[in-house]
There are 2 protein chains.
Amino acid sequence: MSLEKFSKETTLEMRKKLIGHSCRLFFSEHPMKIVRAKGQYLYDEQGQRYLDCISNVQHVGHCHPAITRAAAAQMDLLNTNTRFLHDHIVHYATRLAETLPDKLRVFYFVNSGSEANDLALRLARQYTQHNDVIVLDHAYHGHLTSLIDISPYKFRKLGAQKEWVHVAPLPDTYRGKYRKGHPDPGQAYADTVKDLIEDVHKKGHKIAAFFVESLPSVGGQIILPEGYCRKVADYVHEAGGVVVADEVQVGFGRVGSCFWGFQLQGEDFCPDIMTMGKPMGNGHPLACVVTTQEIADTFTGNGVEYFNTFGGNPVSCAIGLAVLDVIEEEALRRNASLVGGHLKELLLHLQRKHTIIGDVRGAGLFVGLELVKDQAQLTPATEEAAKLVRRLKEEELILVSTDGPWENVIKFKPPMCFSIEDAELVAEKIDVILLDIGTTSQSKMKET
Amino acid sequence: MSLEKFSKETTLEMRKKLIGHSCRLFFSEHPMKIVRAKGQYLYDEQGQRYLDCISNVQHVGHCHPAITRAAAAQMDLLNTNTRFLHDHIVHYATRLAETLPDKLRVFYFVNSGSEANDLALRLARQYTQHNDVIVLDHAYHGHLTSLIDISPYKFRKLGAQKEWVHVAPLPDTYRGKYRKGHPDPGQAYADTVKDLIEDVHKKGHKIAAFFVESLPSVGGQIILPEGYCRKVADYVHEAGGVVVADEVQVGFGRVGSCFWGFQLQGEDFCPDIMTMGKPMGNGHPLACVVTTQEIADTFTGNGVEYFNTFGGNPVSCAIGLAVLDVIEEEALRRNASLVGGHLKELLLHLQRKHTIIGDVRGAGLFVGLELVKDQAQLTPATEEAAKLVRRLKEEELILVSTDGPWENVIKFKPPMCFSIEDAELVAEKIDVILLDIGTTSQSKMKET
């Protein structure tokens, strides 16, 4: 049976007419029509199989049968809302609580990372009775009005920064102000936030929240330096604000060694509010905010109901529970550590061979490969990165994409069932293409 | 097999600990634990069956097998995102377009009515380059920061009206400024918006949008007077603004005679932007914004991508298509007209008998029954309404709820498979309880 209703040309034609053009396609000049998927593979309308290195949403693998089974069984039984008591939501909250520090205990279920971050902002403002927000440069926290305001990645393009939003430098130890050679980049970058808070206070404003992606993703697959978050948290708390960790991109064991990205910062750091999203439902619209009893109580204290029509409904929670089960049963965190670690090793090996590779960084299956034109100025190799992405897709049927302010960071955040063989294939093909790009662009090769 | 994992007491205990108390329960003193549902029936943990008169989200009936089938089949096949071409999204947009005036042609798929209304606000502001919004009194457009700002139902409780938000009177012809006896309440209420626009202009502000629920729901199940929307649209357009029709509560054939609530206003009215949500996915998080080519083009013109992680994914669209199929195959619009019409007749008959019934209004399966202490002052019979709701639940296993600024309007918005027998049962039981309430509260009865 054909999996197409329309030819690819017709689909594209209809899409141009019917769907807002702000909704962009990957590889817009040669968009892909994908008709089925399984595990870490996507299949186009001609049956071509692509290795998927970018779908962090389909966390336990595309079309995992256990997720479909859980969804269908619950859809057959009941799908109401949180105004009725139901076991799934409390069971699911219990399971999530087991992965978190004791301090984070009160849950609000919503439908998307954007809804979660918007609610986090409301919680922070209600609790602190302050209004202003500090965010990291290049951050992206969602597509809603309130979140574009706190996402430099978006508001810089729209040319409008709100007076209540303050941008701290991205703690990028590869190309930022304080680099790997610095004795304590965590402290140095934290102090930039301290300085910013002082500036804000001088203007007579007050900080409600510091929003931070636990591993800045759109910013270029950044690993925050040691000690950064705890020190920032001290400064933010002193100013009467709270820390919101945005785990929408990186939670649920992607980093391997921990269940949540913020835990890479050590046991002496815990955010006051944490948001989760994308991987939570393996593609089902499911997201969540968790916070402290104190912050939740203050929110309740405003006397206004929070009702989210679909958030936390029995089907969403059944799916969320099934995702947690699969992560455990298939030991996907261990897989993320092993495979992600191996991928990083292979890429570090390539770095010794290709001067265009400026940096290799990552944790588990969250890996970035930063391409530069030269190792001294770190001039972003934006065109080369685009070329690499395009050739991997067209010649090798491997899907990766770019991130970072200059789109020169190749990002890997594949489904968590990504294998050692997949990692080796990707590294091998990158090697081949970079050799070719290197030759054609006349760049020098180091002695290997 | 038991459908419970925990006892009801345990569930409640866990919920109190784990879920934010701002998320409220129906009948908070005696909350209901619902474990399964089918069609228009909900079943609690003891197997008690309740007739559901309020779940407009489970539009084609709870746990409809065709919806589960469509969801499971697509979950097994593919669930990516809109950055890849896929047939379902364009097929679904085509099917939706067939229900709409030609002018509304460009679709954006999202996960909730709140996300839809937030995007509508962004579209309106981008297109008009104005900032201010006019809303109806008591309106509710969603739980996000931007939407609480334009929802008097919420922001009045929080005590903060933004300077860019302007509240027009609710065109309630039962208890508003202009009532049923008025020669042209549509024109009279439209003129209140005209006056408001003049005030806004005097302040040097400019109108981006007029937001209106096609049938104000939280406001008390209001039917807008004839000609109102077209006349308001003229004034709003003249001021350089656009009209946003919020169909989140009432779309998809609920009103019976039309597919969309705004179409009750006649063929000479079409909004510039329309949002849809709750019933769209029968409980699956699915919502949408549709607008004109011109507005969409301006939004594209800002040069910034709009990416919604889950919005319009293949599973959501498969579910949306299945809902449209069931509406057609089971002739649910016709059912809404017939059953809703019959329910209204029965309630009008009760009105002749019970002086506590001040008004009966509705369209299709969107019906309101307004209770008043007296027919002259129209003093809201809030306690009596609460008593009626509680007794219907406890004695008759019928679930209704209240709406309106004084919570004295009994609202009906059941799944669309609600039957003539259900309507008769509800009317009969309301009669019995009102007779009893009437007797105990010593209210007079008219001659019947």
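Conventions used here
- Residues numbered from 1 in each chain as written.
- Chains lettered and ligands numbered in written order.
- Predicted model: local features only at pLDDT ≥ 70, side-chain atom pairs only at ≥ 80, totals over all residues.
- Heavy atoms only, no water.
- UniProt positions renumbered as here; feature names shortened; annotations may be inferred.
- Helix = DSSP H or I, 4+ residues; strand = E, 2+ residues; numbered from the N terminus.
- Rg over C-alpha atoms; globule rule 2.2 N^0.38 Å.
- Buried < 20%, exposed > 50% of the residue type's maximum accessible area, 1.4 Å probe, protein only.
- Contact = heavy atoms within 4.5 Å.
- Lys, Arg positive; Asp, Glu negative; His and termini not counted.
- Charge placed at Lys NZ, Arg CZ, Asp CG, Glu CD.
- Core = buried A, V, L, I, M, F, W, Y, C linked by side-chain atoms within 4.5 Å.
- Domains from an automatic or database assignment.
- Buried area = accessible area lost by both parts, 1.4 Å probe.
- Salt bridge = Lys/Arg side-chain N within 4 Å of Asp/Glu carboxyl O.
- Pairing = 2+ DSSP bridges.
- Right-handed = clockwise from strand over helix to strand, strands pointing away.
- Polar contact = N/O pair within 3.5 Å; in protein donor to acceptor, adjacent residues only side chain to side chain.
- Nonpolar A, V, L, I, M, F, W, Y, C, P; charged D, E, K, R; others polar.
- Axes fitted to C-alpha atoms, helices over the stretch in contact; angles between N-to-C directions.
- pLDDT = per-residue confidence, 0-100.
- Least-squares fit on C-alpha atoms with pLDDT ≥ 70 in both.
- Phe/Tyr/Trp six-rings, centres within 6.5 Å; stacked < 30°, edge-to-face > 60°.
- Lys NZ or Arg CZ within 6 Å of the ring centre and 35° of its normal.

Naming follows an unreviewed UniProt entry, where chain A appears as 5-phosphohydroxy-L-lysine phospho-lyase of Scleropages formosus. The record in UniProt for chain A states the following under Cofactor (unreviewed entry): "pyridoxal 5'-phosphate". For the record of chain A, the UniProt heading Sequence similarities (unreviewed entry) holds the text "Belongs to the class-III pyridoxal-phosphate-dependent aminotransferase family."

Enquirer: Help me understand the overall build of chain A, please; the structure alone is not making it clear to me.
Expert: Assigned secondary structure in chain A consists of 13 helices and 15 strands. For chain A, the C-alpha radius of gyration of 22 Å lies close to 22 Å, the compact-globule estimate for 448 residues. Expressed as lengths along the three principal axes of its C-alpha atoms, the size of chain A is roughly 65 × 60 × 45 Å. Here chain A holds 448 residues, and the buried ones make up 67% of them. Within chain A, contacts between residues separated by at least 24 positions form 72% of all contacts whose residues are at least 6 apart in sequence. Of note, chain A has its 49 positive side-chain charges centred 4 Å away from the centre of its 57 negative side-chain charges.

Enquirer: How should the nonpolar core be read in this particular structure?
Expert: Generally speaking, soluble globular proteins have nonpolar side chains that are buried together. Core analysis: the largest hydrophobic core is formed by 262 residues, its most contacted members being A:F107, A:F109, A:F412, B:F107, B:F109 and B:F412. Residues within four places of A:F412 in sequence aside, it is in contact with A:C53, A:Q221, A:L343, A:L347, A:L365, A:F366, A:V367, A:L369, A:V400, A:V426 and A:I430.

Enquirer: Looking at this structure, I do not really get the domain arrangement of chain A. What am I missing?
Expert: Interfaces are often sized by the amount of accessible area the parts lose when they come together. All names here are of chain A. Segmenting chain A into domains produces domain 1 (8–60 + 331–440) and domain 2 (65–329). Computed from C-alpha coordinates alone, the two centres of domain 1 and domain 2 are separated by 26 Å. On the domain 2 side, the residues contacting the 38 residues of domain 1 number 37 residues. Regarding the contact of domain 1 and domain 2, the summed buried area is about 2900 Å², with carbon and sulfur atoms giving 54% of it. Interface area lost by domain 1 to domain 2 is led by H59, R333 and F366, which between them contribute 25%. Summed over the shared surface of domain 1 and domain 2, the result is two salt bridges. Between K180 and D359 there is a salt bridge, with its nearest N and O atoms 2.6 Å apart.

Enquirer: Would you mind going over the pairing of strand 7 (residues 207–213) of chain B with me for this structure?
Expert: Remark: a regular strand shows side chains that alternate across the two faces of the sheet. Residue and element names in this part refer to chain B. Within strand 7, seven of the seven residues are buried, which leaves it mostly tucked inside the rest of the structure. Relative to strand 7, strand 5 (residues 132–136) is paired through four bridges, and the arrangement is parallel. When the sheet's bridge partners are listed, D132 is paired in strand 7 with I207. Handedness of the β-α-β unit built from strand 7, helix 8 (residues 228–238) and strand 8 (residues 242–246) comes out right-handed.

Enquirer: Which parts of the structure should I look at to understand the interface of chain B and chain A?
Expert: If you look at the interface, chain B gives 93 residues, while chain A gives 93 residues. When the two sides are added together, the surface that chain B and chain A hide from each other amounts to roughly 8800 Å², 62% of it contributed by carbon and sulfur. Considering only the surface of chain B that becomes buried against chain A, B:F84, B:L85 and B:F310 emerge as the three largest contributors, covering 10% of it. At the boundary of chain B with chain A, the tally comes to 44 residue pairs in polar contact (both at pLDDT 80 or more). Across the side of chain B that touches chain A, the residue classes break down as 45 nonpolar, 28 polar and 20 charged.

Enquirer: Is there a simple way to think about the pairing of strand 1 (residues 34–38) of chain A in this case?
Expert: Residue and element names in this part refer to chain A. Alignment of strand 1 against strand 2 (residues 41–44), held across four bridges, turns out to be antiparallel. The residue of strand 2 that forms the bridge with I34 is D44. Taken together, strand 1 and the strand that follows it, strand 2, pair antiparallel across an intervening segment of two residues, in which G39 is found at a positive phi of about 55°.

Enquirer: Teacher, can you tell me more about the pattern of salt bridges here?
Expert: It is possible for side chains of opposite charge to pair when their charged atoms get near one another. All told, the structure shown has 48 salt bridges over all chains when counted by the stated rule. A salt bridge links A:D102 to A:R105; the nearest nitrogen and oxygen atoms lie 3.1 Å apart. The partner of B:K429 in a salt bridge is B:E428, with the nearest N and O atoms 3.7 Å apart. For B:K429, a relative accessible area of 19% gives the class buried. Given the relative accessible area of 44%, B:E428 is considered partly exposed. Connected via shared salt-bridge partners are A:R175, A:K180, A:D359, A:R361 and A:E370.

Enquirer: Help me understand the sheet that holds strand 4 (residues 106–110) of chain A, please; the structure alone is not making it clear to me.
Expert: Sheet strands pair via backbone hydrogen bonds, and the direction of the pair is either parallel or antiparallel. Residue and element names in this part refer to chain A. Pairing in this open sheet of seven strands is mixed, and the strands run 4-10-9-8-7-5-6 from one edge to the other. Of all the strands in the sheet, just strand 4 and strand 6 (165–168) have a single pairing partner and so form its edges. For this sheet, the mean inter-axis angle between neighbouring strands, taken without regard to orientation, is 20°. Where strand 5 (residues 132–136) lies against strand 6, four bridges are found, and the strand directions are parallel. Bridged to V135 within strand 6 is V167. Here helix 3 (residues 87–97) sits on the sheet and contacts strand 4 and strand 9 (273–276); the angle it forms with strand 4, its principal contact strand, is near 120°. Sitting on the sheet, helix 7 (residues 185–202) touches strand 5, strand 6 and strand 7 (207–213), and the angle it makes with strand 6 is about 155°.

Enquirer: So what exactly am I meant to see when it comes to the confidence of the model for chain A here?
Expert: Detailed conclusions should not be drawn from predicted coordinates in areas where pLDDT is low. Summing up the model confidence of chain A, the mean pLDDT is 96 and the portion of residues at 70 or higher is 98%. Across residues 442–448 of chain A, confidence stays below pLDDT 50; counting only partners more than four residues off in sequence or on other chains, it has eleven contacts.

Enquirer: Is there a simple way to explain the relation of the copies chain B and chain A in this structure?
Expert: Superposition of the two copies of the chain requires a rotation about an axis and a shift along the axis. Of the transformation superimposing chain B on chain A, the axial component is 0.0 Å and the angular component is 180°, with the fit at an RMSD of 0.0 Å. Here the symmetry operator amounts to a two-fold rotation axis. Most of the interface of chain B is mirrored in chain A, where 100% of its interface residues are also at the interface.

Enquirer: What am I meant to see in the packing of aromatic side chains here?
Expert: Aromatic ring pairs are reported here in terms of the distance separating the ring centres and the angle at which the planes meet. Applying the stated rule across the entire model yields 24 aromatic pairs over all chains. For the ring pair B:Y140 and B:Y153, a centre distance of 5.5 Å and an interplane angle of 70° mean the geometry is edge-to-face. Here the residue B:Y140 occupies a position in the loop between strand 5 and helix 5 (145–148), and B:Y153 occupies one in helix 6 (residues 152–158), the gap between them amounting to 13 residues. One cation-aromatic arrangement involves A:K393 over A:F27; the distance from NZ or CZ to the ring centre is 4.5 Å. Lying over the aromatic face of B:Y153, B:K157 brings its terminal NZ or CZ to 4.1 Å of the ring centre.

Enquirer: What am I meant to see in unusual backbone geometry here?
Expert: Excluding glycine, residues mostly carry a negative phi; peptide bonds, for their part, are mostly trans. Positive phi values are uncommon outside glycine, yet A:N282 reaches one of about 55°. Tracing the sequence through the fold places A:N282 in the loop between strand 9 and strand 10 (287–291).

Enquirer: I tried to follow the side chain of B:T82 on my own but got confused; where do I start?
Expert: Positionally, B:T82 belongs in the loop between helix 2 (65–77) and helix 3 (87–97). Excluding residues within four positions of it along the chain, B:T82 makes contact with A:R15, A:R24, A:L25, B:I89, B:F307, B:G311 and B:G312.

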